[in-house]
Structure formats: structure tokens, C-alpha cells
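# Per-entry structural report
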Amino acid sequence: MNIGFIGFGTMGAPMAGHLLQAGHALHVWSRRAASADFLVERGARRCAAPAAVAAASEIVCTNVTASGDVEGLAAQLAGGLAPGTMHVDFSTIAPSAARRIATLYAERDVEFVDAPVSGGGGGARNATLSIMWGGKSALAPRLEPLFSVLGKTIVRVGEVGAGQVAKACNQMVMVAAIEACAEAARLAEAAGVDFALVRQAMLGGSAGSRVLDAFGGRMAARDFTPGVEARLHHKDYALLMDEASRIGAPLPVSAAVWQQLNALMAQGMGVRDTASLLQVLEAAGRQ
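About the criteria used
- Throughout this document, residue positions are counted from 1 along each chain, in the order its sequence is written.
- Only residues with pLDDT of 70 or above have their local features reported here, since the model is predicted, and side-chain atom pairs are shown and tallied only from 80 upward, although totals for entire chains, interfaces and linings are computed over all residues.
- Derived side-chain values reflect all non-hydrogen atoms in the structure, with water molecules and hydrogen atoms excluded from consideration.
- In this description a helix means any DSSP run of H or I spanning at least four residues, a strand means any run of E spanning at least two, and both kinds are numbered starting from the N terminus.
- Classification of residues uses two cut-offs on accessible area relative to the type maximum, computed with a 1.4 Å probe and protein chains only: under 20% is buried, over 50% is exposed, and between them is partly exposed.
- We call two residues in contact whenever any of their non-hydrogen atoms come within 4.5 Å of each other.
- Method for areas: the Shrake-Rupley scheme with a 1.4 Å probe, in which residue coverage is limited to the protein chains shown.
- His residues and chain termini do not enter the charge count, which takes Lys and Arg as positive and Asp and Glu as negative.
- Every charge is mapped to an atom, namely NZ of Lys, CZ of Arg, CG of Asp or CD of Glu.
- For two strands to count as paired, DSSP must find a minimum of two bridges between them.
- Clockwise travel from the first strand over the helix to the second, with the strands pointing away from the viewer, marks a crossover as right-handed.
- Throughout this description, the term salt bridge denotes a Lys or Arg side-chain nitrogen within 4 Å of a carboxyl oxygen of Asp or Glu.

## Concerning the overall build of the protein
- Helix and strand counts for the protein come out as 13 helices and nine strands.
- For the protein, the spread of C-alpha atoms along the principal axes amounts to about 65 × 45 × 35 Å.
- Buried positions account for 49% of the 287 residues belonging to the protein.
- By sequence separation, contacts in the protein at least 24 residues apart represent 64% of the contacts at least 6 residues apart.
- Entry remark: accessible area of the protein is about 12600 Å², with carbon and sulfur atoms responsible for 55%.
- The positive charge centre, built from 24 side chains, and the negative charge centre, built from 24, are 3 Å apart in the protein.

## With respect to the pairing of strand β5 (residues 86-89)
- Residues of β5 alternate between two faces, with Met86 and Val88 on one and His87 and Asp89 on the opposite face, all of them buried.
- Bridge count between strand β4 (residues 59-62) and β5: four bridges; the pairing is parallel. Counted as the bridge partner of Thr62 is Asp89 from β5.
- Viewed along the sheet, the connection from β4 through helix α4 (residues 67-77) into β5 turns out right-handed.
- When β5 meets strand β6 (residues 111-114), the two strands line up parallel, connected through four bridges. Looking at β6, one finds that Met86 is bridged to Glu111.
- In terms of handedness, the path from β5 via helix α5 (residues 95-106) over to β6 forms a crossover that is right-handed.

## Focus on the pattern of salt bridges
- Per the counting criterion, the structure on display carries 12 salt bridges.
- One salt bridge connects Arg218 with Asp273, and the closest N-O pair in it is separated by 3.4 Å. Of this pair, Arg218 sits in helix α10 (residues 210-221) while Asp273 sits in the loop between α12 (252-266) and α13 (277-286), and the two are 55 residues apart along the sequence.
- For Asp273, a relative accessible area of 0% gives the class buried.
- One salt bridge in this structure joins Asp236 and Lys235, with 3.0 Å as the shortest N-O distance. Each member of the pair, Asp236 as well as Lys235, carries the same accessibility label: buried.

Below, the structure is given as C-alpha cells:
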């Protein structure tokens, strides 16, 4: 297929590379031209603007940071997308933003799919992402050749916006588990017990999880270099707490985790790994 791609960060760069390697013709644009150089060197076509990407593509993929970024791109893509084409967004944005974009495109007979992903940079590099998408069920056959190159778990959750709700649920559970790991590490430390050994024991028990393995491992090693920058989880929590407030869903545990993320950001740790939630607890203990 002729596929457009915009957004070459930790997730987007390997995803675009997989699509190119799978034999799709790739059309790319980036605000920082250098971030797409590795794709152009491998045969991707560089476009001068988002509208040019849209005009050359059957499906345009985006993977950027925030709701405003995606909506801004959609406004530019709309002028170039032909009837029957599709915009698939892999970003994590507000469900309401996804629905607004779908409404904009509906007037032009263009489809929109919100398809946020989970699995981190490793999942993107290894093409093992979990893809949770929202959009018309009839689009599944067109999306399968795209999604199968990028992920291992592919679930249509519902109509447009449902993918973002699923991602919000994913982030709620994951970051709450990171906070729980941080509190376990802090308790072990305060009790004079080696958290690395506590974690080793826990991994073989009912508390064993990918979060305890990865984020707990960083806490045990005191390694806070970012696998995922905490500011991105903070952004995701802002979206889900806003959505919960809008629809009246009580989230007491998430509200407490949200405050810990706020404290992390206030202490200037947004560019560190989210395992830095441990350092938030340690700082509170010193006060």
C-alpha cells in the first residue's frame, strides 16, 4: 500500500521502519526533517507538507504527543485526503478529540481510526505492540495488513474514541502498578531490607508482573534513565482524569496516583523514567 507516516519518536520511528521493511511504499513528513532521514535513506519518499503526505497515501498514520498535535495535523491532512482514504492515529489523545477528528473527516468521506498502542519502545522495535483500536468494524480487513506488521495483540474495542478509552484503562492499571512498586521499594528500604531480593521473591509470587519486572528492576538498580519519560504518563493521566470527570466516573486510586505524578513533575523529574515515582516517596520521607 501507499502509506503516509508522521511522527518519528521512540514509538513511531521503529513502527515506520517495519512498514517500509514489509514492502509498503512510505511517504513521510516531519517538523524536524532529520528525524525522517533514516527512512528516506531506505527508500521512503519525503514530502514537503502533511497535505502532500495525504495526497500520496491510501492510509496516513500519525504518532505524535498530544490531542492538539493530532487535531492540528488532521486539519492539514484533510485538504489532501481523497474520499475513501483513511487516517490511523497511534497517539494517545482524548476520546473527545478522536471523535472531533472523525466528524471533520466524515464530511469528506474519509475514515478515522484511533489506534493507541501499548508495549513501549521495546514493543515497537520488536513489532509486538498491543493495538487497541476504535472505528468502523468494516475497516478491519484494510487495517489487518498494517496492524499485523506492528503488533501481536490487535483488538477492535468499538467505535471511534473507544481505542482511547482502552488506552486510558491500560495506563490507569500500569502506572498504578508502578506506584505500588515504588511504595513496596520504599517500605523495604525503610525496614532495612534489600528491595532487589524482595522483588526477586515477588516475581515468583502472585504480585509478579511485567511492571514489577521492568519498572521494579529500574528501582532496584537505581536506574532512572527513561525507557518511557514520566512526562508522557503524566500527560496520559491528565487525559484520563479529565475524561473521568466529564462522564462522572469515580477513580479514587487513580486520583492518588495522579497526585504523585503531579509531585514528580513539580520536582523536575518529567524527563526521567516513571520509576522515579520512588524518588518522589523518598523526597517526601525527608521532609
